[in-house]
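Here is how the chains run, residue by residue.
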Amino acid sequence: LYRDLKLIIYEINQNILKHSNANNVSYSFQYLNSQLQIVIKDDGNLNNIKDIEKKGNGITNIRKRVNRIKGGVDFQINPIGNGLMIEIKLILDK
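Reading the values: rules and limits
- All residue numbers refer to position in the chain's written sequence, counted from 1.
- Where totals are concerned, whole chains, interfaces and linings use all residues; where local detail is concerned, this predicted model gives features only for residues with pLDDT of at least 70, and gives and counts side-chain atom pairs only at 80 or more.
- Calculation of side-chain values draws on the structure's entire complement of heavy atoms; hydrogens and water are dropped beforehand.
- In this text, helices come from DSSP runs of H or I with a minimum length of four residues, and strands from runs of E with a minimum of two, each type numbered from the N-terminal end.
- Our radius of gyration looks at C-alpha atoms and nothing else; its globule reference is 2.2 Å times the residue count to the power 0.38.
- Burial here depends on accessible area, computed with a 1.4 Å probe over protein chains only, as a share of the maximum for the residue type. Under 20% is buried, over 50% is exposed, and the range in between is partly exposed.
- For every accessible area listed, the method is Shrake-Rupley and the probe measures 1.4 Å; residues are considered covered only by the protein chains on display.
- Residue types Ala, Val, Leu, Ile, Met, Phe, Trp, Tyr and Cys, when buried and joined through side-chain atoms within 4.5 Å, form a set referred to as a nonpolar core.
- When we speak of the arc, we mean the arc of directions from the helix axis to the C-beta atoms.
- Working rule for contacts: check all heavy atoms of both residues, and any pair within 4.5 Å makes them a contact.
- The span expected for a helix works out to 1.5 Å for each residue beyond the first.

A. Layout of the overall build of the protein. The helix and strand tally for the protein stands at two helices and four strands. When the helices and strands of the protein are placed in sequence order, the string is α-β-β-α-β-β. Taking 2.2 N^0.38 as the reference for a compact globule, 94 residues should give roughly 12 Å; the C-alpha atoms of the protein span a radius of gyration of 13 Å, in line with that estimate. In terms of its C-alpha atoms, the protein occupies a principal-axis envelope of roughly 40 × 25 × 20 Å. Split into buried and exposed, the 94 residues of the protein put 36% on the buried side. When the accessible surface of the protein is split by element, carbon and sulfur atoms take 48% of a total near 6200 Å².

B. Spatial organisation of the nonpolar core. Grouped together as the largest cluster of nonpolar side chains are 20 residues, with contacts concentrated most on Ile12, Ile62, Phe75 and Ile88. Ranked by the residues each element gives to this core, the list is headed by helix H1 (residues 2–20), at five residues.

C. Broad picture of unusual backbone geometry. With a phi close to 50°, asparagine 33 is a non-glycine residue in the positive phi region. With respect to the secondary-structure elements, asparagine 33 resides in the loop between strand E1 (25–32) and strand E2 (35–42). Since its relative accessible area comes to 68%, asparagine 33 is described here as exposed. Notably, lysine 70 is not glycine yet its phi reads approximately 60°, a positive angle. Structurally, lysine 70 can be placed in the loop between helix H2 (58–68) and strand E3 (72–77). Its relative accessible area of 71% is what places lysine 70 among the exposed residues.

D. The arrangement of H2 in detail. Those residues of H2 lying buried are Gly58, Ile59, Ile62, Arg65 and Val66. Projection of H2 onto a plane perpendicular to its axis shows the buried side chains occupying an angular sector of 130°, all on one side. Those residues of H2 that are exposed and aimed more than 90 degrees away from the buried face are Lys64 and Asn67. Packed against the buried residues of H2 are H1, E3 and strand E4 (84–91). Downstream of H2 by a residue or two, lysine 70 has a phi angle that is positive, lying close to 60°.

E. Broad picture of H1. Its 19 residues give H1 an end-to-end C-alpha distance of 26 Å, which sits within 8% of 27 Å, the value for a rise of 1.5 Å per residue. If you follow the buried residues of H1, they end up packed against E1, E2, H2 and E4. Of the residues trailing H1, asparagine 21 is marked for its positive phi of about 55°.

Functional significance is not addressed by these values, which are geometric in nature.
Below, the structure written as structure tokens:
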């Protein structure tokens, strides 16, 4: 779990640095009722969610790793109107 989470966050950071031209990036981690929610937002140049799958394997690798640890991942346009928002949810049993 730790290794996959580390690689997921690393891949997201690399994608932001390489593709987004963002000035600001925010990370939110919340743990409640055995669920970990991670939300990452950037204010980059993305304004069409269909564009994220076209370049390389980064998004595919993120999806595979999240699925491997039995989580869910959602990619959306940042609510500010541009940039990307990634939401990852994991159930962490004791």
